[in-house]
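# Notes for the structure review
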Amino acid sequence: MPTTTPSVRIVLLGDIRIEAGEERTSLPQRESLRRLVVRLVLQPCQPLPRKQLAFTLWPDADPADALANLRRHLHLFRSLLPSIAREWLVVSTRYIVWNAPPECQVDAHAFEREWITLHEMEAAAELYRGDLAPGIDTDDDILVRREALRQRYLLLLKSLVRAWMDRSDWSRAWRWARLLVSHDPWDEEAVRLAMTAAALTGS
């Protein structure tokens, strides 16, 4: 009988893990490894200079040690990948490329796509299970991307609340309003939307 190749999905929102079918592999709590993986996955098919990547991840290390660290981390990353995805990590003497096909799903990329319908908006909101790349606190590029995604999520929640209010669907408006306030309790507009939705649902 023909075998079905499991789809590969990489989660970066709320966790960092690799999914292949029913198998889930979370990355070890090692910030240098997580930074390497996230940088590669967020820049698919883009050759990253090997030396530059090594010196970015280990700026205080001797150049030879930084390159050795990179080599070990690439080996570890490859070992964590499902067998069908190991060839996507292309390593040469000069460049590192995450050459995943379009079929490889990355939740952060899916969340960044434009949405038009309410169904698309709600599907995008469901993708956001938490901040980008938890456990990474020393990489400015990733931290900037994390904050941009978080602000996008908060704007999305506000749009969902308003959209369901406009349609007089108070229960669905209240659902998203509760989530909005839980993520940003100090935003006056968020609190006002939540209070309105709660009042209209009798909550």
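Computed from a prediction, not measured in an experiment: that's the story for all the values here.

Once that is clear, we can look at the pairing of strand β3 (residues 23–26). Relative to β3, strand β2 (residues 17–20) runs antiparallel, the two sharing four bridges. The residue of β3 that forms the bridge with Glu19 is Arg24. Here β2 hands over to β3 after two residues, with Gly21 in that stretch at a positive phi of 65°.

Moving on, we get to the pairing of β2. Here β2 shows two buried faces, one formed by Arg17 and Glu19 and the other by Ile18 and Ala20. Note that strand β1 (residues 8–11) and β2 share four bridges and pair antiparallel. Along β2, the bridge assignment pairs Ile10 with Ile18. Counted between consecutive antiparallel strands, the loop separating β1 from β2 contains five residues, among which Gly14 sits at a positive phi close to 85°.

Before going further, it helps to spend a moment on the packing of helix α5 (residues 118–127) against helix α6 (residues 140–166). Two elements in contact, α5 and α6, have axes separated by 10 Å at closest approach and are oriented at 140°. With respect to each other, α5 and α6 are oriented oblique. In the packing of α5 onto α6, the handedness of the crossing is left-handed. Residue-level inspection shows Leu118, Met121, Glu122, Ala124 and Ala125 of α5 in contact with α6, the latter providing Tyr153, Leu156, Leu157, Ser159, Leu160, Ala163 and Trp164. Grouping the amino acids of the contact of α5 with α6 by side-chain chemistry returns 10 nonpolar, one polar and one charged.

Below, the discussion takes up the sheet that holds strand β6 (residues 95–98). The three strands lie next to each other as β4-β6-β5, forming an open sheet whose pairing is antiparallel. One side of each edge strand has no neighbouring strand; the edge strands of this open sheet are β4 (48–49) and β5 (89–91). Pairing analysis gives three bridges linking β5 to β6, with the strands arranged antiparallel. Within β6, the residue paired with Val91 across the bridge is Ile96. Against the sheet, helix α3 (residues 63–80) engages β5 and β6, with an angle of about 155° to β5.

What follows covers the nonpolar core. Core analysis: the largest hydrophobic core is formed by 65 residues, its most contacted members being Leu12, Leu40, Phe77, Trp98 and Leu132. For this core, the element with the highest residue contribution is α6, accounting for 11 residues. Each residue touching Phe77, except ones within four places of it in the same chain, is listed here: Ile18, Leu33, Val37, Leu40, Leu89 and Trp98.

Turning to unusual backbone geometry, a few remarks are in order. For Cys45, which is not glycine, the phi torsion reads 65° and is therefore positive. Position of Cys45 among the secondary structure elements: in the loop between α1 (31–42) and β4. Judged by its relative accessible area of 44%, Cys45 is partly exposed. One non-glycine residue, Ser168, lies in positive phi territory at about 60°. For Ser168, the position within the fold is in the loop between α6 and α7 (170–183).

Calculation rules
- Residues numbered from 1 in each chain as written.
- Predicted model: local features only at pLDDT ≥ 70, side-chain atom pairs only at ≥ 80, totals over all residues.
- Heavy atoms only, no water.
- Pairing = 2+ DSSP bridges.
- Helix = DSSP H or I, 4+ residues; strand = E, 2+ residues; numbered from the N terminus.
- Buried < 20%, exposed > 50% of the residue type's maximum accessible area, 1.4 Å probe, protein only.
- Axes fitted to C-alpha atoms, helices over the stretch in contact; angles between N-to-C directions.
- Parallel < 35°, antiparallel > 145°, perpendicular 65-115°, else oblique.
- Left-handed = near helix turned anticlockwise from the far one by under 90°.
- Contact = heavy atoms within 4.5 Å.
- Nonpolar A, V, L, I, M, F, W, Y, C, P; charged D, E, K, R; others polar.
- Core = buried A, V, L, I, M, F, W, Y, C linked by side-chain atoms within 4.5 Å.

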